[in-house]
Amino acid sequence: MKIDIVSVFPEYFEVLNLSLLGKAQEKGLVEVTAHNLRDWTHDVHHSVDDTPVGGGAGMVMKPEVWSECLDELLHLEPTTVTCDSTADADDTASADAAESAESATEIAANADTVPATDRPVLIFPNPSAPLFTQQDATELSHANHLLFGCGRYEGYDARIPQYYRAQGVDVREYSIGDYVLNGGEVAVSVMLEAITRLLPGFMGNAASIVEESYTGENALLEHRQYTKPADWRGIKVPDVLLSGDHAKVDRFRRDEALAKTNKLRPDLIEALDCSKLDKADRKTLMALGWEVSGAHPRQR
Ligand code: SAM
């Protein structure tokens, strides 16, 4: 997977040379290049921002600098496009988000059979965009080329994603949570880590990404995890985990996952497909106050 990142602080991404992502680069699984947006400026101050049209606080990232950079990295010729900068921006964003959500669901369900795609994906972190999820990470782990654009200041000119969408580029805008960061660098690091750890060969033990929170069909939060010693400062590991009875251990963990998800993320319980639940799952959910006779659980 080829990964280009554009930022006014490319040194920030030196951290990607550490740990598993660093090893993945050494193994040639991923090739990460961080570019300095200021390399595409022509003025003496290397400025990438300007005042907001219509007034207001702060500065906005200029489209001209971004487009010179992105045209070069995406091998596109500059052109002019015709689109309505007010209506189309939102329509396109929501249409793309809906389409992407659908394909992400399909892809998450068939993760092992989805072929890699050569079409580059241009990704802008943005706090006012749809939330980045494990499904998005799964879908994007099948792309061969990801290009991330880190915003700063009040963000980037809204016409940038609009222009590249009109050019036929697969453009995504994602928020990593309901809070505002100073820039897109942290958000890109978060997305990159979530995506790359799903690449075949990335993790030492491939099984460790199969049964995780938010993962696969009927995703739940993961059960609690313990290691040795069995008794630590007066707190004991649940007896069943020491029993050696694998069926009992699996059931205990599954019930824990259902109970934890019920408490913290009932929206994930509501999204479960009841036809994929076994008899014991149904019993546990009923005891937790859910009706499981329909397509999805409903709170009683
Ligand atoms: N004025 C923007 C707003 O209120 O929505 C906030 C801009 S923020 C200070 C600057 C940049 O940080 C954004 O363009 C984006 O790239 C990044 N950023 C900040 N918070 C983020 C979040 N929660 N998710 C993804 N990116 C974020």
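Think of each chain on its own: its residues are numbered from 1, step by step along the sequence as written. It should be noted that, the model being predicted, local features are given only for residues of pLDDT at least 70 and side-chain atom pairs only at 80 or more, the latter also being counted only at that level, while totals for whole chains, interfaces and linings use all residues. Hydrogens are left out, water is left out, and the side-chain values use all remaining heavy atoms of the structure.

Caption draft 1: View of the site of the ligand. Working definition: residue near molecule or strand if any one of its non-hydrogen atoms lies within 4 Å of it. Close to the ligand lie 19 residues; Pro125, Glu154, Ile176, Tyr179 and Leu181 are nearest. A distance of 3.3 Å separates a nitrogen atom of the ligand from a polar backbone atom of Asn126. Polar contacts, as counted here, are pairs of nitrogen or oxygen atoms within 3.5 Å of one another; within protein the pair requires one atom able to donate a hydrogen and one able to accept it, and residues that are adjacent in sequence qualify only if both atoms are side-chain atoms. At a separation of 3.0 Å, a nitrogen atom of the ligand approaches a polar backbone atom of Ile176. In isolation the ligand exposes 580 Å². Once the protein is present, 84% of that is buried. Only the protein chains shown count as cover for residues, and the accessible areas themselves come from Shrake-Rupley with a 1.4 Å probe.

Caption draft 2: Local environment of the packing of aromatic side chains. The criterion for an aromatic pair is that two Phe, Tyr or Trp rings (for Trp, the six-membered ring) have centres within 6.5 Å, with stacked assigned to planes under 30 degrees apart, edge-to-face to planes over 60 apart and tilted to the rest. Inspection of every chain in the model, using the stated rule, returns five aromatic pairs. Centre to centre, the rings of Tyr12 and Phe13 are 5.4 Å apart; their planes meet at 70°, and the pair counts as edge-to-face. Relative accessibility thresholds used throughout: buried, under 20% of the residue-type maximum; exposed, over 50%; partly exposed, between the two (1.4 Å probe, protein chains only). A relative accessible area of 35% places Tyr12 in the partly exposed class. With a relative accessible area of 5%, Phe13 lands in the buried category. Ring geometry for Phe124 and Tyr156: centres 4.8 Å apart, planes at 35°, overall tilted. Remark: Tyr156 occurs in the loop between strand 6 (145-149) and helix 5 (159-166) and Phe124 occurs in strand 5 (residues 121-125); sequence separation between them is 32 residues. We note that Phe124, like Tyr156, is buried. An aromatic cluster is present here, built from Trp66, Phe124 and Tyr156 joined pairwise through their rings. The secondary structure listing takes helices from DSSP runs of H or I that are at least 4 residues long and strands from runs of E that are at least 2 residues long, numbered from the N terminus.

Caption draft 3: Region of interest: the side chain of Asp170. One can find Asp170 in strand 7 (residues 170-174). There is a polar contact of 2.7 Å between the side chain of Asp170 and the side chain of Arg172. Only heavy atoms enter the contact rule, under which two residues are in contact if any of them lie within 4.5 Å. Contacts of Asp170, omitting those with residues within four sequence positions, involve Arg119, Pro120, Val121 and Leu122.

Caption draft 4: Spatial organisation of unusual backbone geometry. Residue Pro229 follows Lys228 across a cis peptide bond; omega there is 5°. Examined against the element boundaries, Pro229 turns out to sit in the loop between helix 6 (184-196) and strand 8 (231-232). In this model, Tyr153 sits at a positive phi of 60°, which is unusual for a non-glycine residue. Looking at Tyr153, the relative accessible area reads 37%, which means it is partly exposed. Notably, Arg233 is not glycine yet its phi reads approximately 50°, a positive angle. The exposure class assigned to Arg233 is exposed, which follows from its relative accessible area of 73%.

Caption draft 5: Structural detail: the pattern of salt bridges. Salt bridges are defined as contacts in which a side-chain nitrogen from Lys or Arg sits within 4 Å of a carboxyl oxygen from Asp or Glu. Scanning the model with the defined rule gives 15 salt bridges in all. Where Glu173 meets Arg165, a salt bridge forms, and the shortest distance between an N and an O atom there is 3.3 Å. This pair shows no difference in class: Glu173 is buried, exactly as Arg165 is. Note that Asp170 and Arg172 form a salt bridge whose closest N and O atoms lie 2.7 Å from each other. Pair check on accessibility: Asp170 and Arg172 agree, each one buried. Salt bridges sharing partners connect three or more residues here, namely Arg251, Arg254, Asp255, Asp278 and Asp281.

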